[in-house]
Amino acid sequence: MDKGKISKFFKNLLSELFVDKYNCIVCDDELQEKSSVGLCQKCHDKLTYINDNMCKKCGRLQYNEADYCLTCQAHKRHFDFARSCVVYDDVAMEIVRGIKFGCKRYFGKYIADFLVERYQSQFDGVDVDIAIPVPLTKSKKKIRGFNQSLEIAKTFCERSALALRCDLLTKIRDTKEQAKLSGEERESNLKDAYRVEKEDEVKDKNILIVDDVMTTGSTASEIAYTLKKAGAASVYLLTFASTRYKVERVVAEDATS
């Protein structure tokens with residue numbers, strides 16, 4: 001048996017030994033049947049999928065019949081549109097925290113399966129040239145050990161036949177957590193935080209940004225602004241989850257603007 005076949009044999013063997021193939025990645029209960037997303041039926045049923053009732057711009061779940069949420073009505077979003085698979089609560093939160101802070105890199109392949117389905121249903125007819133994961137600074141990557149957005153994007157791009165580029169966008173400085181800041185603070189916090197490395201390879205391209213969760217949408221908007229400033233034709237965002245829309249907070253911010 002040649003070295004290639006031996007290597008493949010051991011890779012397949014190790015794959016069969018991974019406990020996540022047989023147990024739910026959230027509650028650890030034994031899976032009664034094979035699950036492409038790694039969840040038992042009980043945990044899967046707790047997910048809140050975002051379907052038709054969503055903001056046409058940011059893609060977050062809407063609680064009324066308006067086409068656009070108040071945030072997108074009041075603030076300019078530089079991305080063309082964003083879409084998420086589920087609401088960021090309960091099980092979705094456990095999955096994101098698992099890959100982001102629990103060093104569970106293998107969660108990326110399960111998140112990618114959600115993204116593939118969402119991409120096929122929501123981006124039909126949209127011409128995407130390249131996909132880019134949201135980058136981390138070198139210091140943040142050193143602390144975390146890896147970029148969770150890249151782990152997700154790798155599998156997603158393989159299954160969607162999209163070109164993945166990790167060398168076109170860099171985060172050049174650390175920023176504060178967006179969720180703890182006001183609307184104006186979010187914008188100043190992210191200003192000039194990203195840099196395009198190869199403008200000639202971004203120019204006239206339709207770009208899909210891939211990430212784990214969208215909280216305020218400010219990060220995606222700043223990245224889109226940076227890419228379009230470098231000549232990108234359009235920029236879209238696809239995430240596993242997005243936070244619940246908080247009407248009271250948006251109204252209060254809009255009233256003071």
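Scope of this entry: the structure provided in the associated data block. Every chain is numbered on its own, with residues counted from 1 as its sequence reads. Note on the predicted model: pLDDT of at least 70 is required for a residue's local features to be given, and 80 or more for side-chain atom pairs to be given and counted; whole-chain, interface and lining totals, by contrast, use all residues. Note: side-chain values were computed over all heavy atoms of the structure, leaving out hydrogens and water.

Take the overall build of the protein next. Segments assigned H or I by DSSP are reported as helices when at least four residues long, segments assigned E as strands when at least two residues long, and all are numbered from the N terminus. Across its full length, the protein carries 10 helices and seven strands. When a residue's accessible area, from a 1.4 Å probe over protein chains only, is under 20% of the maximum for its type it is buried; when over 50% it is exposed; and in between it is partly exposed. Relative to its full complement of 257 residues, the protein shows a buried share of 48%. In what follows, residue pairs with any heavy atoms lying within 4.5 Å of each other are defined as contacts. Sequence-distant contacts, at least 24 apart, represent 73% of the contacts inside the protein between residues at least 6 apart. A 1.4 Å probe and the Shrake-Rupley method give the accessible areas. Residues count as covered only by the protein chains that appear here. For the protein, the accessible area works out to roughly 14000 Å², and carbon and sulfur atoms hold 49% of it.

Note on ring pairs: Phe, Tyr and Trp rings are taken, using the six-membered ring of Trp, and paired if centres are within 6.5 Å. Classes follow the plane angle, with under 30 degrees stacked, over 60 edge-to-face and the rest tilted. According to the stated counting rule, one finds eight aromatic pairs in the structure shown. Judged by centre distance (5.6 Å) and plane angle (85 degrees), the rings of Tyr119 and Phe156 are edge-to-face. Taken together, the residues Tyr119 in helix α5 (residues 107-122) and Phe156 in helix α7 (residues 148-160) connect sequence positions 37 residues apart. For the pair shown, Tyr119 and Phe156 are each scored as buried.

Moving on, we get to the nonpolar core. Note on terminology: a nonpolar core comprises buried Ala, Val, Leu, Ile, Met, Phe, Trp, Tyr and Cys residues joined through side-chain atoms within 4.5 Å. In terms of nonpolar packing, the biggest core is built from 41 residues, with Leu39, Leu115, Phe156, Leu208 and Phe240 touching the most fellow members. When residues of this core are traced back to their parent elements, those giving at least two are β1 (81-87), α4 (90-101), α5, α7, β6 (206-214) and β7 (234-242). Considering each element in turn, this core owes the most residues, eight residues, to α5. The residues contacting Phe240, other than those within four sequence positions of it, are Ser84, Cys85, Val86, Ala92, Ile95, Val96, Ile111, Phe114, Leu115, Asp211 and Asp212.

This part is about the pairing of β7. Most of β7 is tucked away: nine of the nine residues are buried. Where β6 meets β7, eight bridges bridge the pair, whose relative direction is parallel. Each bridged residue has a counterpart across the sheet, and for Leu208 the counterpart in β7 is Tyr236. Here, the term right-handed applies to a crossover whose path from the first strand over the helix to the second runs clockwise when the strands point away from the viewer. In this fold, β6 hands off to helix α9 (residues 218-229), which returns the chain to β7; that crossover is right-handed. Should DSSP find at least two bridges between two strands, the strands are taken to pair.

For a helix, the expected span equals 1.5 Å multiplied by the residue count minus one. Between its terminal C-alpha atoms α9 stretches 16 Å, which fits the 16 Å expected from 12 residues at 1.5 Å a residue. Turning to α9, its buried residues number three or more, namely Ser218, Ala220, Ser221, Glu222, Ile223, Ala224, Thr226 and Leu227. Positive backbone phi, at 110 degrees, marks Gly231, one or two positions downstream of α9.

Helix packing for two helices is described by the angle between their axes and how far apart those axes are. Here α4 crosses α5 at 135 degrees, and the two axes come no closer than 9 Å. With respect to each other, α4 and α5 are oriented oblique. Classified by chirality, the crossing of α5 by α4 is left-handed. Between α4 and α5, the residues in contact are Glu94, Ile95, Gly98 and Ile99 and Phe107, Gly108 and Ile111, respectively. By the convention adopted, Pro, Cys, Tyr, Trp, Phe, Met, Ile, Leu, Val and Ala count as nonpolar, Lys, Arg, Asp and Glu as charged, and the other residues, Gly among them, as polar. Tallied by class, residues from the contact of α4 with α5 come to four nonpolar, two polar and one charged. To get an axis, a line is fitted to the C-alpha atoms, and for a helix only the part in contact is used. The angle between two axes follows their N-to-C directions and goes from 0 to 180 degrees. Here the word oblique covers every angle except those under 35 degrees (roughly parallel), over 145 (roughly antiparallel) and from 65 to 115 (roughly perpendicular). By convention the crossing between two helices is left-handed if the near helix lies anticlockwise of the far one by an angle smaller than a right angle, and right-handed if it lies clockwise.

A word on the pattern of salt bridges. The salt bridge definition used is simple: a Lys or Arg side-chain nitrogen within 4 Å of an Asp or Glu carboxyl oxygen. Applying the stated criterion to the full structure yields 12 salt bridges. For the salt bridge of Glu151 with Lys154, the shortest nitrogen-to-oxygen distance reads 3.6 Å. With Glu151 and Lys154 both in helix α7 and three residues apart, this pair spans about one turn of that helix. Of the residues examined, Lys154 reaches a relative accessible area of 37% and is grouped as partly exposed. Note that Asp167 is salt-bridged to Lys198, the shortest N-O span being 2.8 Å. Taken together, the residues span a long stretch of sequence, with Asp167 in the loop between β3 (163-164) and β4 (169-171) and Lys198 in the loop between β5 (194-196) and β6 at a distance of 31 residues. Residue classification places Asp167 among the partly exposed positions, given a relative accessible area of 30%. One network of salt bridges, with partners in common, ties together Arg165, Asp167, Lys198 and Glu201.

Our next topic: the side chain of Asp212. Examined against the element boundaries, Asp212 turns out to sit in strand β6. If we skip the residues at most four places from it in the chain, Asp212 touches Val96, Lys100, Gln148, Ser149, Ile152, Thr239, Phe240 and Ala241.

Across the sheet, five strands lie side by side as β1-β7-β6-β2-β3; this open sheet has parallel pairing. Pairing within the sheet leaves two strands with one partner each, and these edge strands are β1 and β3.

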